[in-house]
Amino acid sequence: MCSSDLLLCALPADVAQHEVVLRWLYSASLRAGTARTVLPRVTAYLHLHEAPELRALHAGTTLKLAERYREAERAARGARTPLTLYYYGLATAEERPADALPILRAAVDCAETEGTPHDVVRNAQALAATYTQTGQYVNALHWTVYALRQYDNSRMGDWQRRLAVLNEWAYTSLLGGRLEHLSGTLAEAEAQLATGAPQVYSLFQTTLADHALVSGEPLRALRAVEAARQGQPRTHQGWHSVQLVRVLTELDRPDRALSVAEEIGRAHV
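A brief report on the enclosed structure follows. Bear in mind that the values here come from a model prediction, so they are computed numbers and not experimental data.

1. So, the environment of Gly157
Logical step 1: Among the structural elements, Gly157 can be located in the loop between α10 (137-154) and α11 (159-175).
Logical step 2: Residue Gly157 is classed as exposed on the basis of its relative accessible area, which comes to 68%.
Logical step 3: A C-alpha to C-alpha distance of 9.6 Å links Gly157 and His118, two positions 39 residues apart in sequence.

What follows is the structure in structure tokens.
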């Protein structure tokens, strides 16, 4: 367990079972990779209590799609907070991104009036990502820049959050053809990746690979894709493998590209 987990677990039993404590304990355990040790307490509590924010966090991080949407919607009905609206918006965006836009815009508005700087940055990033999903790159860039500005102005200490937002900005810039200043910004961010969370590292490497391809550097793209795939479980390698096929095709290695494509097909049989 991390230090946050240990401190929260050390609280008296009657306090430790409070919804807010459970939510922060579960959130800390998710980051530390120890969620399985806390999950039984969370599910037991949700069985007896509505607990909208804990319910939203549990739905957004644990449940499968259909149940995730149902539980996130229930949480948002129970209380419209920056967190419940965030997870409700994300769950909606998985199948109906256009329908999620007003929910996530409400999540940003709610965060600005009732939440913390962390809530504002997180919700603005989700809104930007959903604009990207719907092909509205100008709006997506606006909200990623806003999220970065809010992060820097508030001097938040969660630099992995900043890397995630920066990745969103870089990816949207690539899609929108706005390549100026990208190289320097990505190089600066890359230096921080080695000590980042594995999921942040992997996500950023895919963006570095896309940038390398756009810049006409397929060998650099290959190194980034291979780094992104490394350590990922088979069930999470799909997008990285598709990206690898694209890079191998660019490098004129059709046999290897075909082999990877066939691996993708077998993995989803």
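Having seen the structure, we can now continue with the description.
2. Here we look at the packing of helix α9 (residues 117-133) against α10
Logical step 1: Between α9 and α10, the least distance of the axes is 8 Å, while the angle of their chain directions is 165°. In terms of orientation, α9 and α10 fall into the roughly antiparallel class. Relative to α10, the crossing made by α9 is left-handed. Of the residues in α10, those touching α9 at Pro117, Val120, Val121, Ala124, Gln125, Leu127, Ala128, Tyr131 and Thr132 are Tyr137, Asn139, Ala140, Trp143, Thr144, Tyr146, Ala147, Gln150, Tyr151 and Ser154.
Logical step 2: Partitioning the contact of α9 with α10 into residue classes produces 13 nonpolar, six polar and no charged.

3. As for the packing of aromatic side chains
For any pair of aromatic rings, the description rests on two quantities: the centre-to-centre distance and the angle between the ring planes.
Logical step 1: Taken as a whole, this structure holds three aromatic pairs when the rule is applied.
Logical step 2: Summarising the aromatic geometry, the rings of Tyr69 and Tyr88 are spaced 5.9 Å apart at their centres and angled 45° between planes, so their arrangement reads as tilted. Separated by 19 residues along the polypeptide, Tyr69 in helix α6 (residues 65-78) and Tyr88 in helix α7 (residues 82-93) bring together distant segments of the chain.
Logical step 3: A relative accessible area of 21% means that Tyr69 is categorised as partly exposed.
Logical step 4: Seen in terms of ring centroids, Trp143 and Tyr146 are 5.4 Å apart; in terms of plane orientation they differ by 85°. Their pairing is edge-to-face. Here Trp143 and its partner Tyr146 are both found in helix α10, three residues apart, which amounts to about one turn of the helix.

4. Focus on helix α14 (residues 218-229)
Logical step 1: End to end, α14 covers 16 Å across 12 residues, agreeing with the expected 16 Å (1.5 Å per residue, within 8%).
Logical step 2: Those residues of α14 that sit buried are Ala221, Leu222, Ala224, Val225, Ala227, Ala228 and Arg229.

5. What to know about unusual backbone geometry
Logical step 1: Phi angles above zero are rare outside glycine, and Ala51 is one such case at about 40°.
Logical step 2: Relative to the helices and strands, Ala51 is located in the loop between α4 (35-48) and α5 (52-62).
Logical step 3: You can call Ala51 buried: its relative accessible area is 6%.
Logical step 4: Phi is positive for Asp252, which is not a glycine, with a value near 60°.
Logical step 5: On the basis of relative accessibility, which here comes to 63%, the residue Asp252 falls in the exposed class.

6. Brief notes about the pattern of salt bridges
Logical step 1: Under the definition given, this model contains 13 salt bridges.
Logical step 2: Its salt-bridge partner being Arg74, residue Glu50 comes within 2.7 Å of it at the nearest N-O pair. Taken as a pair, Glu50 in the loop between α4 and α5 and Arg74 in helix α6 lie far apart in primary sequence, 24 residues in all.
Logical step 3: Between Arg77 and Glu73 there is a salt bridge, and its shortest N-O distance comes to 3.8 Å.

7. Quick notes on the side chain of His58
Logical step 1: Topologically, His58 is positioned in helix α5.
Logical step 2: For His58, a relative accessible area of 8% corresponds to the buried category.
Logical step 3: Discounting residues that sit within four places of it in the chain, His58 has contacts with Tyr26, Leu39, Val42, Thr43, Leu46 and Leu63.

8. Description of the side chain of Ser241
Logical step 1: By the element assignment, Ser241 lies in helix α15 (residues 238-250).
Logical step 2: Judged by relative accessible area, which is 6%, Ser241 ranks as buried.
Logical step 3: Those residues in contact with Ser241, other than ones at most four positions away along the chain, are Arg229, Val260 and Ile264.

9. What about the environment of Asp210?
Logical step 1: Within the secondary structure layout, Asp210 lies in helix α13 (residues 198-214).
Logical step 2: Relative accessible area serves as the criterion here: at 9%, Asp210 is assigned to the buried category.
Logical step 3: A sequence separation of 40 residues divides Asp210 from Ala170, and the C-alpha atoms of the two residues are 9.8 Å apart.
Logical step 4: Here Asp210 is in contact with Tyr171, Leu174, Gln243 and Arg246, once residues within four sequence places are set aside.
Logical step 5: Engagement of the side chain of Asp210 in a polar contact is seen with the side chain of Gln243, the distance being 3.0 Å.

10. A word on α7
Logical step 1: Taking 1.5 Å of rise per residue, 12 residues should cover 16 Å, and α7 covers 16 Å from first to last C-alpha, within 8% of that figure.
Logical step 2: Of all 12 residues in α7, 11 are buried; the element is thus mostly enclosed.
Logical step 3: Within the span of α7, buried status applies to Pro82, Leu83, Thr84, Leu85, Tyr86, Tyr87, Tyr88, Gly89, Ala91, Thr92 and Ala93.
Logical step 4: Tucked inside the fold, the buried residues of α7 contact α3 (19-32), α5, α6, α8 (97-114) and α9.

The rules we used
- Residues numbered from 1 in each chain as written.
- Predicted model: local features only at pLDDT ≥ 70, side-chain atom pairs only at ≥ 80, totals over all residues.
- Heavy atoms only, no water.
- Helix = DSSP H or I, 4+ residues; strand = E, 2+ residues; numbered from the N terminus.
- Buried < 20%, exposed > 50% of the residue type's maximum accessible area, 1.4 Å probe, protein only.
- Axes fitted to C-alpha atoms, helices over the stretch in contact; angles between N-to-C directions.
- Parallel < 35°, antiparallel > 145°, perpendicular 65-115°, else oblique.
- Left-handed = near helix turned anticlockwise from the far one by under 90°.
- Contact = heavy atoms within 4.5 Å.
- Nonpolar A, V, L, I, M, F, W, Y, C, P; charged D, E, K, R; others polar.
- Phe/Tyr/Trp six-rings, centres within 6.5 Å; stacked < 30°, edge-to-face > 60°.
- Expected span 1.5 Å × (residues − 1).
- Salt bridge = Lys/Arg side-chain N within 4 Å of Asp/Glu carboxyl O.
- Polar contact = N/O pair within 3.5 Å; in protein donor to acceptor, adjacent residues only side chain to side chain.

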